[in-house]
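Spelled out from the first residue to the last, the chains are:
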Amino acid sequence: MNLQILYDNNARNGFKAGWGFSCFIKTSKENILFDTGWNGNILLHNMEIAKINPEKIDKIIISHSDWDHIGGLNHILKYGKKSEVYVPKSISDNLKNEIKRYTNVIEISKAGKICENVWTTGELGEKIKEQSLIIKTEKGNVILTGCTHPGLESITEKSRGFGEIYTVIGGFHDSDIDILGEIPMVVPCHCTEKIEEIKKTMTESYKECFTGFSIYFI
Ligand SMILES: [Zn+2]
Ligand SMILES: [Zn+2]
């Protein structure tokens, strides 16, 4: 299992930075893209640098419909494989219809299995509903978030029903971060407002997020 950040405000080694988030997940059987950043050209550039072929993406999962998470979607669907797109059920019908011009839309409301070792928390939160991913590894579960609009507390609470959490990776927005104290590895990405506080207080568990960041799990 490999996870690689493809879109973030920080970038290294030839990757381009931009406001938004996207992460590639390679399981033993499937290639999954979680969110698509804002700019499709930047996303495709970063995929090229990472040697990820857009035609080999099997599933695209959209955490929520904010512009910095869906902006690259039409590019990927236009130039890549017409992968199935998993969206929170509550997103607008207009957006669902635009995606349906290219491919199948799978609407997610409840927690459930996406494929082997990958689960969705289902839609959480009230104002902006969002789904996060729970990825099973030997070290414990990897939680992948978009912007964390529902709050880390509700996402981690839901995820704990699936087993121990090893790491949380993604944008944490304005979420309360106290809950992260018990988690062995914390990777705050693009929209995390309390990033300085995390760096200062979680010196052991904090890992820097940047486009190109890659991590392997068994
Ligand atoms: Zn958002
Ligand atoms: Zn965001």
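Residues numbered from 1 in each chain as written. Chains lettered and ligands numbered in written order. Predicted model: local features only at pLDDT ≥ 70, side-chain atom pairs only at ≥ 80, totals over all residues. Heavy atoms only, no water.

(A) View of the overall build of the protein chain. If you tally the helices and strands in the protein chain, you get 6 helices and 13 strands. Taking 2.2 N^0.38 as the reference for a compact globule, 218 residues should give roughly 17 Å; the C-alpha atoms of the protein chain span a radius of gyration of 16 Å, in line with that estimate. Residues counted as buried form 56% of the 218 residues belonging to the protein chain. A separation of at least 24 residues holds for 53% of the contacts in the protein chain among residues at least 6 apart in sequence. Entry remark: accessible area of the protein chain is about 10,000 Å², with carbon and sulfur atoms responsible for 46%. Measuring between centres, the 26 positive side-chain charges of the protein chain sit 7 Å from its 29 negative side-chain charges. (Helix = DSSP H or I, 4+ residues; strand = E, 2+ residues; numbered from the N terminus. Rg over C-alpha atoms; globule rule 2.2 N^0.38 Å. Buried < 20%, exposed > 50% of the residue type's maximum accessible area, 1.4 Å probe, protein only. Contact = heavy atoms within 4.5 Å. Areas by Shrake-Rupley, 256 points an atom, 1.4 Å probe, with all protein chains shown as cover. Lys, Arg positive; Asp, Glu negative; His and termini not counted. Charge placed at Lys NZ, Arg CZ, Asp CG, Glu CD.)

(B) Summary view of the nonpolar core. Ranked by internal contacts, the top residues of the largest apolar core, which has 27 residues, are L3, I5, I25, L133, I135, L144 and I169. Looking at this core, the elements with two or more residues in it are strand 1 (2–7), strand 2 (22–26), strand 3 (31–34), strand 7 (112–115), strand 9 (133–137), strand 10 (140–145), strand 11 (165–170) and strand 12 (185–188). Ignoring anything within four residues of it in the chain, the contact list for I5 reads F21, S22, C23, I169, C189, C209, F210, T211, G212 and F213. Core analysis: the second largest hydrophobic core is formed by 23 residues, A50, L73, L77 and I99 among them. (Core = buried A, V, L, I, M, F, W, Y, C linked by side-chain atoms within 4.5 Å.)

(C) Inspection of the coordination of the zinc ion (ligand 2) at higher detail. For the zinc ion (ligand 2), the full set of protein donor atoms is D68 (OD), H69 (NE2), C147 (SG) and H190 (NE2), and the range of their distances to it is 2.1 to 2.5 Å. Every donor residue of the zinc ion (ligand 2) comes from the same chain, spaced as D-H-x77-C-x42-H. A spacing of 3.8 Å is found between the zinc ion (ligand 2) and the zinc ion (ligand 1), which share C147 as a donor. One end of the pair, H69, is in helix 2 (residues 67–70); the other, H190, is in the loop between strand 12 and helix 6 (195–201), and 121 residues separate them in sequence. (Donors = N, O, S within 2.8 Å, 3.2 Å for Na, K, Ca; no water.)

(D) Here's a closer look at the coordination of the zinc ion (ligand 1). The zinc ion (ligand 1) binds to the protein through H64 (NE2), D66 (OD), C147 (SG) and H149 (NE2); the donor distances cover 2.0 to 2.5 Å. For the zinc ion (ligand 1), the 4 donor atoms are set out with angles of 93 to 155 degrees between them, so the coordination reads as irregular. Between the donor residues of the zinc ion (ligand 1), the gaps in sequence give the motif H-x1-D-x80-C-x1-H. (Tetrahedral: all angles 85-135°; square planar, octahedral: opposite > 155°, others 65-115°.)

Scope: geometric values only; no functional claims are made or implied.
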